[in-house]
Amino acid sequence: MIVDLRSDTFTRPTPGMLEAMMKAPVGDDVFGEDPSVNKLESMAAGLFGMEAALYCPTGTMSNQIAIKVHTQPGDEVICDKTAHVYQYEGGGIAFNAGAQVRLLDGDHGRVTAGQVLQGINPDDVHKARTSLVCLENTANRGGGSCYTPDAIRAIRQVCDEYQLKLHLDGARLFNALVARKESPALYGPLFHSISVCLNKGLGCPIGSILIGPKEFIKRARRVRKVFGGGMRQAGFMAAAGIYALENQVERLAEDHHHARLIADKLKQTPYVASVLPVETNIVIFEVTGTRTAAELSAALKDKGILAIAISPTQIRMVLHLDVSKAMVDHVLQVIAEL
Ligand SMILES: *Cc1c(COP(=O)(O)O)cnc(C)c1O
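A brief structural summary. (Residues numbered from 1 in each chain as written. Predicted model: local features only at pLDDT ≥ 70, side-chain atom pairs only at ≥ 80, totals over all residues. Heavy atoms only, no water.)

What follows is about the packing of aromatic side chains. Inspection of every chain in the model, using the stated rule, returns one aromatic pair. Here Phe48 and Phe174 contribute two aromatic rings whose centre-to-centre distance is 5.9 Å and whose plane-to-plane angle is 75°, an arrangement assigned as edge-to-face. One end of the pair, Phe48, is in helix 2 (residues 35–48); the other, Phe174, is in helix 8 (residues 173–180), with 126 residues separating them in the sequence. Each member of the pair, Phe48 as well as Phe174, is classed as buried. We note Arg291 situated over the ring of Tyr271; from NZ or CZ to the ring centre the distance is 5.3 Å. (Phe/Tyr/Trp six-rings, centres within 6.5 Å; stacked < 30°, edge-to-face > 60°. Helix = DSSP H or I, 4+ residues; strand = E, 2+ residues; numbered from the N terminus. Buried < 20%, exposed > 50% of the residue type's maximum accessible area, 1.4 Å probe, protein only. Lys NZ or Arg CZ within 6 Å of the ring centre and 35° of its normal.)

Okay, here's the thing in structure tokens:
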């Protein structure tokens, strides 16, 4: 048995999803004529109570488009030091938007309104103009941690006061919504733009959706074309997104349950020093004893369990659609015996 816990991007389409893709009505989306893409976009906008949405090939492109639209070259973007937009998008903020970054020292990937306020540059010719704040929910390197709406509201207040835009990298936003039993409609009004990955826990082969006001999405559509993300009969892929939003959101709760089972078992072993609080589908733990994280991950691999050593002392396990209860039971057994 191989259990792939490296990432929730390793899922394969379910039979129902494949069938929906096969049957999708399609057209040329660059001409705005793909009915499936149009349906997915209006569905996503509706869910979040926002005006419009844009289907993009990846979450990285969604984030980078948003940053490009919200900033001017030379501007400063505020985010946590572990943010995906800064750590894992190839320097895209500088490359694509010509903007620079102000990093905040958040708690498990979450920053506070006070930290944001501290990070804003004064209106001074020596300083870069602060124009955008990016939050991440759930926070990947924070171990899938979630913001509370109140914490976001406080940050939005600071943004409004200083005329900053607020973007949410919501690659795993649906994990947060399911874990906290919240509605997407709660989140739309809190942000100027939201990106959501369809290719993670929602189980699509590719895709992300960028959501925001009509005028923002109009500009985003132009940038998507410039970035090479204007796809033609993208409806085959958008249909997977529609299927996921209709059928594969609630089941994220199973992944969260599985993550807690694994975390509880890890805490009982002598080779685990600590486990980050598990709020959703990610388990990050600190290794102790004679083995490094890389060595422990190699030992897990020998037993058919794939997990990434994300630092010399940390291993990450991500639960998803293709990890069954039987697989989790196997993982629990291996963890106990390792
Ligand atoms: C995966 C991820 C993205 C972007 O993902 P793509 O692989 O480009 O689709 C953005 N932000 C976070 C937090 C992610 O985990």
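The next thing to look at is the pattern of salt bridges. As enumerated under the stated definition, the model contains 17 salt bridges in all. Residues Lys81 and Asp105 are paired through a salt bridge, measuring 2.6 Å at the closest nitrogen-oxygen approach. Highlighted residues: Lys81 in the loop between strand 3 (76–80) and helix 4 (84–87) and Asp105 in the loop between strand 4 (100–104) and helix 6 (113–119), separated in sequence by 24 residues. Notably, a salt bridge pairs Asp150 with Arg153, separated by 2.6 Å at the nearest N-O pair. (Salt bridge = Lys/Arg side-chain N within 4 Å of Asp/Glu carboxyl O.)

Ordered by their spatial adjacency, four strands build an open sheet running 9-10-13-12, and the pairing between neighbours is antiparallel. Bordering the open sheet on either side are strand 9 (272–275) and strand 12 (308–311), each of which pairs with just one other strand. Neighbour to neighbour, the strand axes of the sheet diverge by 35° on average, direction disregarded. Pairing of strand 10 (residues 282–287) with strand 13 (residues 314–318), which is carried by five bridges, proceeds in the antiparallel orientation. By the bridge assignment, Ile282 is partnered in strand 13 with Val318. In this fold helix 11 (residues 252–267) packs onto strand 9, strand 10 and strand 13, with an angle of close to 15° to the strand it touches most, strand 10. Seen against the sheet, helix 12 (residues 293–302) touches strand 10, strand 12 and strand 13 and runs at an angle of roughly 40° to strand 13. (Pairing = 2+ DSSP bridges. Axes fitted to C-alpha atoms, helices over the stretch in contact; angles between N-to-C directions. Contact = heavy atoms within 4.5 Å.)

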